[in-house]
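Residue-level structural notes
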Amino acid sequence: RRYTRPTRSMAKKKGGRAAKDPCKAKLALLSQVVASFKPQKIGGTYIKEDLEELQKQIAYQQKPVLELIKAQAVVDGDRFKRSDGDRKEAGEKFSAWLSKNAPDCKLGDAFEFKWDGLEEGSGIVAKRALKRHEKFIEIPRDVMITSAQASQSPVGAVLMKDPTFARMPNLMLAVHVMFESLNPSSFHKSYLDALPRHFTLPLFYTTEELSLLEGSPAHYDALKIQKQTLRQYILTTKLLKGRPTVVLKLPKFTYRDFRWAVGVVMTRQNRIPSKESSSQSVLALIPGWDFCNFRDGELTTQYNDEVHASESFTMDDIKEGKQIYIYYGKRPNSKLFLFSGFVADDNKEDYVEVVFSHEDSDSSVSKIRKLLLQNRRLTSMIQPFRITSATGAPSDICMTWLRICRCNKEEAATVLKAKTAVISKLSERNEAEAVALLHEVVKRTLAKYKTTLEEDEKRLKDDKSLSANARVAIRLRMKEKAALQKCLLFKGAGDSKAGEKKAD
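The following paragraphs examine the structure supplied in this document.

Digging into helix α13 (residues 333–340)
Taking burial as the measure, the eight residues of α13 include six buried ones, the bulk of the element. In this structure, the buried residues of α13 make contact with α10 (219–239), α12 (255–268), β9 (293–294) and α19 (468–487). Positive phi shows up at G341, right after α13, with a value of about 85°.

Below, the structure is given as structure tokens:
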């Protein structure tokens, strides 16, 4: 699709003079660019954009985005400049704030913050030796920032009238966080000042860094996040333009302010029970606890209704001075990458999602195969399935799809009689053809990457000029390629540890 580039004309004042505020002109231009990305519809249904379309849109908007950021630097320039010393000073102020407002949080007793020197940058370390499953932190609801607070705030009263904000509590929370961070009198100012100013989230990637994801199943979602965040920023500026800003006495905010707040919520949001009903939940930022870094293990955090606080317990015995980790839950590396900005080496829940498609050339059984797939809510085209990273084994439902796609009439009759969603091995012939189809799809997926696993390993080791973002992106695609290569060793039924076997 071709886009019409907006005319670069500045807004006019009375008397024909050009407006002196370049930020408004750049924002108006960018709004026109975004408005030109109109999704296609069939009837009343929007068509999902394909990858190529999204890439074009992100590339097209890059220059006006950078121009806007440059123009807005006069407003936010000092907000994103912070030395290690500044971070440590902000951390000490936050520690004092937390001790004062959450005296039972166990800071100084069970744990303390470490603002530098850790592999992850900052984190939480044990103040003394801790036993496995010992409570090390307790954060009361009173110091949390919740989506309920956000929606009930004066700004929330304006924004919640819009359907986008009404259905997206995370967006409302992000805008609330942004304005709280810009408010020198905010109760949460010390907490927000201690948060990272930069993230290795795809949301912040340049077009060049995004290109490192080509071939990765996460590429599409990374592009989508950038597109949606920009549209949400423009929507926010429009809703707060004019009278709301004057009446509420809102400070000037920039795209970088907005994007930073989205990054904060994206990496730190958790669900806790609502005050009104324990069966309902709200999104919350939990100051202090949210500085814990990830390690694979077990969920050891809970919300205690009796004390109205979030509690977390150690996963293992921890020696004094050692870092205390928590488990974020069952998330593959692609989700950790997209929403937390890192890739974990020790992630037993990791998998790669591969899109399977199969054109049936056997007309004698094509209709029955299609029916058998439909009975299991599957389709022969654009069907995503998971490949387990640890072993390279496909999911059971993936093998079911493969077996149905390669079944003959006799085998189709067996599937038709089956009462289960998952279909086991039908015959030696069928299993061999199913595995062959699996390998064919996986090879096509691997061919989409522009580099090999070996080339990635070498670049990561030798190229010292790589940005932090680029390193995370390359590590993600390395994990994906390793899993897919293991899958090529998978032999079929009974082979759940394909990746542990050596290639011939």
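From this point, the narrative continues.
Observations concerning the sheet that holds strand β10 (residues 301–304)
Strand order in the open sheet made by the three strands is β5-β11-β10, with antiparallel pairing throughout. Of all the strands in the sheet, just β5 (135–140) and β10 have a single pairing partner and so form its edges. Across the sheet, the axes of successive neighbouring strands diverge by a mean angle of 20°, strand direction being ignored. As paired strands, β5 and strand β11 (residues 309–313) are joined by five bridges and run antiparallel to one another. Its bridge partner being in β11, I139 is matched across the sheet by S310.

Here we look at the pattern of salt bridges
All chains considered together, the criterion is met by 30 salt bridges. As a salt-bridge pair, E89 and K93 come within 3.8 Å of each other at their nearest N and O atoms. With E89 and K93 both in helix α3 (residues 84–101), this residue pair falls four residues apart, about one helical turn. Using a relative accessible area of 42% as the deciding quantity, one classes E89 as partly exposed. Between R429 and E433 there is a salt bridge; the shortest N-O distance is 3.1 Å. You can see R429 and its partner E433 sitting in helix α17 (residues 428–447), four residues apart, about one turn around the helix. Take E433: its relative accessible area is 29%, and that puts it in the partly exposed class. Beyond isolated ion pairs, a larger network of salt bridges with shared partners links R406, E411, R429 and E433.

Focus on the pairing of strand β14 (residues 383–388)
Across the two faces of β14 the burial differs, with Q383, F385 and I387 buried and P384, R386 and T388 not buried at all. Summarising the sheet, strand β13 (residues 351–356) and β14 pair through six bridges and their orientation is antiparallel. Note on β14: the bridge partner recorded for F356 is Q383.

Focus: the packing of α13 against α19
The contact between α13 and α19 brings their axes to 10 Å, and the two run at 165°. It follows that α13 is roughly antiparallel to α19 by the angle criterion. The handedness of the crossing between α13 and α19 comes out as left-handed. For the pair α13 and α19, the contacting residues are N333, S334 and F337 in the first and V472, A473, L476 and K479 in the second. By residue class, the composition of the contact of α13 with α19 is four nonpolar, two polar and one charged.

Conventions adopted
Starting from 1, residues in each chain are numbered consecutively following that chain's sequence as written. Restriction of local features to residues with pLDDT of at least 70 applies here, the model being predicted, together with a cutoff of 80 or more for giving and counting side-chain atom pairs; totals for whole chains, interfaces and linings are based on all residues. For the side-chain quantities, the full set of heavy atoms in the structure was used; hydrogens and water were omitted. Exposed residues in this analysis have more than 50% of their type's maximum accessible area, buried residues have under 20%, and partly exposed residues fall in between, with area computed by a 1.4 Å probe over protein chains only. For helices the rule is a DSSP run of H or I covering at least 4 residues; for strands it is a run of E covering at least 2, with both sets numbered from the N terminus onward. Pairs of residues are marked as contacts when any of their non-hydrogen atoms sit within 4.5 Å. What makes two strands pair is DSSP finding at least two bridges between them. For every element, the axis is a line fit to its C-alpha atoms; helices are fit only across the contacting stretch, and the angle between N-to-C directions ranges from 0 to 180 degrees. When a carboxyl oxygen of Asp or Glu is within 4 Å of a side-chain nitrogen of Lys or Arg, the pair counts as a salt bridge. Any angle from 65 to 115 degrees is called roughly perpendicular, while one under 35 is roughly parallel, one over 145 is roughly antiparallel, and all others are oblique. Helix crossings fall into two classes, left-handed where the near helix is turned counterclockwise from the far one by less than a right angle and right-handed where it is turned clockwise. Charged means Asp, Glu, Lys or Arg here, nonpolar means Ala, Val, Leu, Ile, Met, Phe, Trp, Tyr, Cys or Pro, and polar covers whatever is left, Gly included.

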